Amino acid sequence: MTENLTKETFLKKVFNFEENKEWKFEGKRPALIDFYADWCGPCKMIAPILEQLSEEYEGKIDIYKIDTEAEQELSAAFGIRSIPSMLFCPAEGEPQMANGALPKADLERIIAEVLKVEK
């Protein structure tokens with residue numbers, strides 16, 4: 001299951017940008033974070049794909065969702081200008097951003113290349 005994050009849970013599970021200037025991933029597993037809004041058509045199209053991926057990669061990666069309307073400070077912190085936007089956070093190294101409703105095959109490729117996780 002995907003999990004919705006608030007700023008409070010984001011600071012604990014992903015990155016505490018209030019304490020750290022440099023990227024420091026707080027998670028136990030690599031993560032994919034979907035920045036979305038309820039009114040966004042492409043966001044609604046990708047939601048079931050993210051649910052499938054959360055089942056297929058269960059225990060290997062965490063998939064989080066951030067409502068850009070409710071969590072405007074988080075959206076601003078990552079410069080979110082269009083949605084859906086996805087932040088891929090490997091356990092080691094820098095995160096990478098992807099924009100748009102990507103097909104499942106593209107998401108799986110990015111999970112393999114950026115997060116270094118295979119099914």
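Residues numbered from 1 in each chain as written. Predicted model: local features only at pLDDT ≥ 70, side-chain atom pairs only at ≥ 80, totals over all residues. Heavy atoms only, no water.

- Under an unreviewed UniProt entry, the name given to the chain is Thioredoxin, and the source organism is Polaribacter pectinis.
- Annotation of the chain in UniProt includes, under Sequence similarities (unreviewed entry), the sentence "Belongs to the thioredoxin family." (UniProt positions renumbered as here; feature names shortened; annotations may be inferred.)

### Section: the packing of aromatic side chains
And then number 1: Evaluated as defined, the whole model comprises six aromatic pairs.
And then number 2: Pairing Phe-10 with Phe-78 gives two aromatic rings, centres 5.5 Å apart and planes at 75°, and the pair type is edge-to-face. Of the two residues, Phe-10 sits in helix H1 (residues 7-13) while Phe-78 sits in the loop between helix H3 (72-77) and strand S4 (85-89), which places them 68 residues apart along the sequence.
And then number 3: Judged by its relative accessible area of 0%, Phe-10 falls in the buried class.
And then number 4: Judged by centre distance (6.0 Å) and plane angle (45°), the rings of Phe-35 and Phe-78 are tilted. In this pair, Phe-35 sits in strand S2 (residues 31-36) while Phe-78 sits in the loop between H3 and S4, placing the two residues 43 residues apart along the sequence. In this structure, Phe-35 and Phe-78 share a single accessibility class: buried.
And then number 5: Among the aromatic side chains, those forming a connected cluster through ring pairs are Phe-10, Phe-15, Phe-17, Trp-23, Phe-25, Phe-35 and Phe-78. (Phe/Tyr/Trp six-rings, centres within 6.5 Å; stacked < 30°, edge-to-face > 60°. Helix = DSSP H or I, 4+ residues; strand = E, 2+ residues; numbered from the N terminus. Buried < 20%, exposed > 50% of the residue type's maximum accessible area, 1.4 Å probe, protein only.)

### As for the side chain of Ser-85
And then number 1: Position of Ser-85 among the secondary structure elements: in strand S4.
And then number 2: Separated by 2.5 Å, the side chain of Ser-85 and the backbone oxygen of Ser-82 make a polar contact.
And then number 3: If we skip the residues at most four places from it in the chain, Ser-85 touches Ile-33, Asp-34, Phe-35, Ile-80, Met-97, Ala-98 and Asn-99. (Polar contact = N/O pair within 3.5 Å; in protein donor to acceptor, adjacent residues only side chain to side chain. Contact = heavy atoms within 4.5 Å.)

### So, the nonpolar core
And then number 1: Among the nonpolar cores identified, the biggest contains 18 residues, and Phe-10, Val-14, Ile-33, Phe-78 and Cys-89 are the most heavily contacted of them.
And then number 2: Of all the elements in the fold, those that place two or more residues in this core are H1, S2, strand S3 (62-67) and S4.
And then number 3: When residues in this core are grouped by element, the largest group, three residues, is from S2.
And then number 4: With near-sequence residues (within four places) excluded, Phe-78 lies in contact with Phe-10, Phe-15, Trp-23, Phe-35, Leu-87 and Met-97.
And then number 5: Listed in part, the 17 residues of the second largest apolar core include Leu-32, Ile-46, Ile-61 and Ile-111. (Core = buried A, V, L, I, M, F, W, Y, C linked by side-chain atoms within 4.5 Å.)

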